[in-house]
Amino acid sequence: MGVFDFVKNGVREMMVARPDNLKQLIVYKHPDQNIPMYSQLTVDSDECAVFFKDGRVVGVLPPGRVTLQSQNIPFLNNLITSFTGGQVFITEIYFVKTAPVRSVPFGGPIGDMLDPLTGLQVTPRIFGEMSVVVVDPVKFIVGYSGQAATGDNDYVLNWIKGLFMNGVKTTLGELCENEGKSLLQAVSLTSKLAAAFVAHAPDVNDIGIRILQVGSFNVNFSDEDREALKAANAEIAKAQREVKIKQIGVAGAAAQAQQAQFQLDQ
């Protein structure tokens, strides 16, 4: 809406807020740069409003409802245009969600890995959900998302999810090795893996966002890799049983010999 549309349409157009059907977006850009003086700006409780002019940040407003006038918001003086007698602000307004964004999907092939227990080379896949939170809205826009309006959280978070997946491979292999488990048995390490994924997540604070938590996820394999791992795990389990049986037999023989010697001594 331009300033002349505002004059024509009246008070109904004086409201500046994020539309209800776009509440889920991490970054929402208000479509009009011409904001009439005394417009009512509404910032939801889980977001903030960042004002730009000529590619630079001019100010940030916290949650609440406020009348846009330079008397109560000093930085608006930098946005006033004389084209309409000082009655219009020229600015780009971005609404940035500051509450945690949950159920962010991630996943795909992890790449070739050596199974820590069997030594087989396999290509596991992982799929799950995580939560993220924008901790610095200005950094997030300036240093990462940019001022282009995408209207798509997956597009905005795609690079961050790629960084996260890079750390998953190392974390999965190290934890399975430390626990003496095959990658096939990773399902038994779900809670430990979730915590380790977050602990070893890449540092993205420099772009104003943080990975908070990993929710449900699963590690799976191709049919060929799964069968090979199952067969190798079965062989290892069989060998371990045989060793245990031998150990029990040796221990039993030693106990019998000790008992016989005791009787002789008596």
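In what follows, the accompanying structure is described. (Residues numbered from 1 in each chain as written. Predicted model: local features only at pLDDT ≥ 70, side-chain atom pairs only at ≥ 80, totals over all residues. Heavy atoms only, no water.)

A closer look at the overall build of the protein chain
1) Next: Helix and strand counts for the protein chain stand at five helices and 15 strands.
2) Next: Put simply, the protein chain has 266 residues, and 38% of those count as buried.
3) Next: Counting contacts in the protein chain only where the partners sit at least 6 residues apart, residues at least 24 apart contribute 69% of the total.
4) Next: On the protein chain, roughly 14700 Å² of surface is accessible, and the fraction owed to carbon and sulfur atoms is 53%. (Helix = DSSP H or I, 4+ residues; strand = E, 2+ residues; numbered from the N terminus. Buried < 20%, exposed > 50% of the residue type's maximum accessible area, 1.4 Å probe, protein only. Contact = heavy atoms within 4.5 Å. Areas by Shrake-Rupley, 256 points an atom, 1.4 Å probe, with all protein chains shown as cover.)

Focus on the pattern of salt bridges
1) Next: Tallied over the full model, the rule gives eight salt bridges.
2) Next: Lys29 serves as the salt-bridge partner of Glu92, at 2.8 Å between the closest nitrogen and oxygen. In this pair, Glu92 is assigned in strand E10 (residues 92–97) and Lys29 in strand E2 (residues 27–29), connecting sequence segments 63 residues apart.
3) Next: Since its relative accessible area comes to 14%, Glu92 is described here as buried. (Salt bridge = Lys/Arg side-chain N within 4 Å of Asp/Glu carboxyl O.)

Examining the packing of aromatic side chains
1) Next: Tallied over the entire structure, the rule returns eight aromatic pairs.
2) Next: Between Phe52 and Tyr94, the aromatic rings sit 5.3 Å apart at their centres with planes inclined by 75°, giving edge-to-face as the arrangement. With Phe52 in strand E5 (residues 47–53) and Tyr94 in strand E10, the pair connects residues that are 42 residues apart, well separated along the chain. Like Tyr94, Phe52 is buried. (Phe/Tyr/Trp six-rings, centres within 6.5 Å; stacked < 30°, edge-to-face > 60°.)

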